[in-house]
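Below, each chain spelled out in residue letters.
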Amino acid sequence: MDILAAADAIAGAQGRAWPLIEGLAESGKMPPSLIFAGPEGSGKELLAVKLAARLNCEAAGSGAACGGASRCPACAKARSLEHPDIHIIYAVPHGEMEKALPEVLESRREDFFVSGEFGGRARSIGIDLVRHVGDVLSKLPFEGRRTVVALFEAHLATAEAQNALLKLLEEPPASAAIILVTEFPDRLLPTVLSRCYEVRFDPLPAAAIAGFLEEFYSVDSSEARRLAALAQGNLRRGIKLLEERFLRLWKDAGEAARLVVEGKAKELLAEAEGLAGSRDARERARNYSREEVAELLEEMVALFGLLIRNRDARLADAEREVLEETFGAKGLSAALARNLPADMRKISSSIESIRRNADMELTLSQLFLDLAGAWR
Ligand SMILES: [Zn+2]
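Residues numbered from 1 in each chain as written. Predicted model: local features only at pLDDT ≥ 70, side-chain atom pairs only at ≥ 80, totals over all residues.

Asks: Got a minute to help me understand the overall build of the protein in this structure?
Replies: Counting secondary structure elements, the protein contains 18 helices and five strands. For 376 residues, the compact-globule estimate of 2.2 N^0.38 gives 21 Å, and the protein sits close to it at 22 Å. Within the protein, buried positions represent 41% of all 376 residues. Pairs at least 24 residues apart make up 74% of the contacts formed inside the protein by residues separated by at least 6 positions. (Helix = DSSP H or I, 4+ residues; strand = E, 2+ residues; numbered from the N terminus. Rg over C-alpha atoms; globule rule 2.2 N^0.38 Å. Buried ≥ 20, exposed ≤ 12 C-beta atoms within 10 Å, placed from the backbone. Contact = placed C-beta atoms within 7 Å.)

Laid out in structure tokens, this is it:
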């Protein structure tokens, strides 16, 4: 994928963020440290690469054109993540930086949106990665004007790493720019945040996601519109829905959500066993991994969010069709009476338990029974 073409497609849809970034770049008043904050799949990573390219573009300021099919040599390297002055830092399993960082970069060159290279293993941005950033920043750019470091999922930086990062943010070299990219800025130290110029990202409009799926994944337009409605402003989710595995997971999430609003406790217990049951039961059923069960619950949270917006009559047509398909008229009217924010909190807390290794079947059964009102 041409990453800059993908970024261009998203930039126009990020109503506030990109004009702000571009304005800073054009005025020559680019702050040395920025934070790109906003929900998953809102294009933060793409626009970080676009900014890094913009800061090193050979045509910028010269009046010459750079874009579309004719990229300057610097942007041609940036769009395949091969520019020597643009460094992208990914969170990797502890102590595996030397091997893992080049591996992730290689796989993102092939598919910028892939994830999960390390199975469900815990990843972090450790002190070793921040030292690596320090080394990179201590040298002058090789061939561009600016050394740009983008830390993706910056909230995964350990406390020790954040303190080391703070030192770099306090005295950045004039030729450097650091971009912290994160969904969870509140997990960064206040001292780190206060050093960074914050750019806020919004969820992407459905039309932008549909257009992206058509252009870069050759999805036909009616299917793209449907997937974009399911994606809920999250481009990453829209792309994941193209995978059969994820689509099946999404459908199972919808089935569980429907049983919840209809209060079908017995069916939900069977569902819990089918989704996350003991090894034998799982072989007979769907064989979801722990992370997949967590993802499935995340999709339930998204569906309940959609139900809330439906109640406030704030849905696009394609979104309402998704809800009707999932819940049916009976389910939708039952959902009107629910305390949906409380439902979402309960599901979110089960997601955390499951990610912390709690027994999956037990956690799911308790959650489902609770949601179905079995204990009221
Ligand atoms: Zn260029």
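Asks: I keep staring at helix H17 (residues 340-355) and nothing clicks. Help me out?
Replies: Because an α-helix packs 3.6 residues into every turn, residues spaced three or four apart end up facing the same way. Compared with the 22 Å implied by 1.5 Å per residue over 16 residues, the 23 Å span of H17 between its first and last C-alpha is a close match. Within H17, the full set of buried residues consists of Asp343, Ile347, Ser350, Ile351 and Ile354. Buried residues along H17 cover an arc of 110 degrees about the axis, so they all sit on one side. Across H17 from its buried face, at more than 90 degrees, point the exposed residues Pro341, Ala342, Arg345, Ser349 and Glu352. Of the residues trailing H17, asparagine 357 is marked for its positive phi of about 80 degrees. (Expected span 1.5 Å × (residues − 1). Arc of directions from axis to C-beta.)

Asks: Before we go on, may I ask you to explain the environment of arginine 146 in this structure?
Replies: The residue arginine 146 is located in the loop between helix H6 (127-138) and strand S3 (147-151) in this model. For arginine 146, a count of 19 C-beta atoms within 10 Å puts it in the partly exposed group. The spacing of arginine 146 and alanine 52 is 94 residues in sequence and 8.1 Å in space, taken between C-alpha atoms. Beyond its immediate sequence surroundings of up to four residues, arginine 146 is in contact with Leu55, Asn56, Asp85, Pro141, Ser175, Ala176 and Ala177.

Asks: Is there a simple way to explain the environment of aspartate 2 in this structure?
Replies: The topology assignment puts aspartate 2 in the segment before helix H1 (3-11). Classification of aspartate 2 as partly exposed rests on a count of 15 C-beta atoms within 10 Å.

Asks: Can you walk me through the packing of helix H15 (residues 290-311) against helix H16 (residues 317-336) in this structure?
Replies: When two helices pack together, you describe them by how their axes are tilted relative to each other and by the distance separating the axes. Taken N-terminus to C-terminus, the directions of H15 and H16 make an angle of 75 degrees; their axes are 11 Å apart at the nearest point. With respect to H16, the axis of H15 lies roughly perpendicular. On H16, the residues that touch Leu303, Leu306, Leu307, Asn310 and Arg311 of H15 are Glu319, Arg320, Leu323, Thr326, Ala335 and Leu336. Looking at side-chain class alone, the contact of H15 with H16 contains six nonpolar, two polar and three charged residues. (Axes fitted to C-alpha atoms, helices over the stretch in contact; angles between N-to-C directions. Parallel < 35°, antiparallel > 145°, perpendicular 65-115°, else oblique. Nonpolar A, V, L, I, M, F, W, Y, C, P; charged D, E, K, R; others polar.)

Asks: Looking at this model, I keep getting lost on the environment of serine 348. Mind explaining?
Replies: By secondary structure assignment, the location of serine 348 is in helix H17. The exposure class assigned to serine 348 is partly exposed, which follows from the 14 C-beta atoms found within 10 Å. Spatially, the C-alpha atom of serine 348 lies 7.3 Å from that of valine 301, the residues being 47 residues apart in sequence.

Asks: Please explain the pairing of S3 as it appears in this structure.
Replies: Strand residues, when the strand is regular, have side chains that alternate between the two faces of the sheet. Judged by how many residues are buried, S3 sits mostly within the fold: five of five residues are covered. Going residue by residue along S3, you find Thr147, Val149 and Leu151 tucked away on one face and Val148 and Ala150 tucked away on the opposite face as well. Each parallel crossover has a hand, and the one from S3 via helix H7 (residues 159-170) to strand S4 (residues 176-182) is right-handed. (Right-handed = clockwise from strand over helix to strand, strands pointing away.)

Asks: Any chance you could explain the sheet that holds S4 here in plain terms?
Replies: Paired through backbone hydrogen bonds, the strands of a sheet run either parallel or antiparallel to each other. One open sheet holds the five strands; their spatial order is S2-S3-S4-S1-S5, and the pairing between them is parallel. The two strands at the open ends of the sheet, each matched to only one other strand, are strand S2 (86-89) and strand S5 (197-200). The mean angle between the axes of side-by-side strands here comes to 20 degrees, regardless of whether they run parallel or antiparallel. In terms of strand pairing, S2 meets S3 through four bridges, oriented parallel. Note on S3: the bridge partner recorded for isoleucine 86 is valine 148. Set on the sheet, helix H3 (residues 44-56) makes contact with strand S1 (33-37), S2, S3 and S4; between it and S4 the angle comes to about 170 degrees. (Pairing = 2+ DSSP bridges.)

Asks: Explain the domain arrangement of the protein here, please?
Replies: Where interface size is quoted, it is often the accessible area lost as the parts come together. We note that the domain assignment places domain 1 (3-200), domain 2 (205-242) and domain 3 (244-371) within the protein. On a C-alpha basis, the centroid separation for the pair domain 2 and domain 3 is 22 Å. Taken together, the nine residues of domain 2 in the interface contact nine residues of domain 3. With five residues, helix H10 (residues 221-231) is the single largest residue contributor to the side of domain 2 that touches domain 3. Residues belonging to the side of domain 2 that touches domain 3 are distributed by class as follows: five nonpolar, one polar and three charged. (Domains from an automatic or database assignment.)

Asks: Looking at this structure, I do not really get the packing of helix H12 (residues 244-261) against H16. What am I missing?
Replies: Two elements in contact, H12 and H16, have axes separated by 9 Å at closest approach and are oriented at 40 degrees. With respect to each other, H12 and H16 are oriented oblique. Viewed along their axes, H12 and H16 form a crossing whose handedness is left-handed. In this structure, H12 contributes Gly254, Ala257, Arg258 and Val261 to the contact, and H16 contributes Thr326, Phe327, Gly331, Ala334 and Ala335. (Left-handed = near helix turned anticlockwise from the far one by under 90°.)

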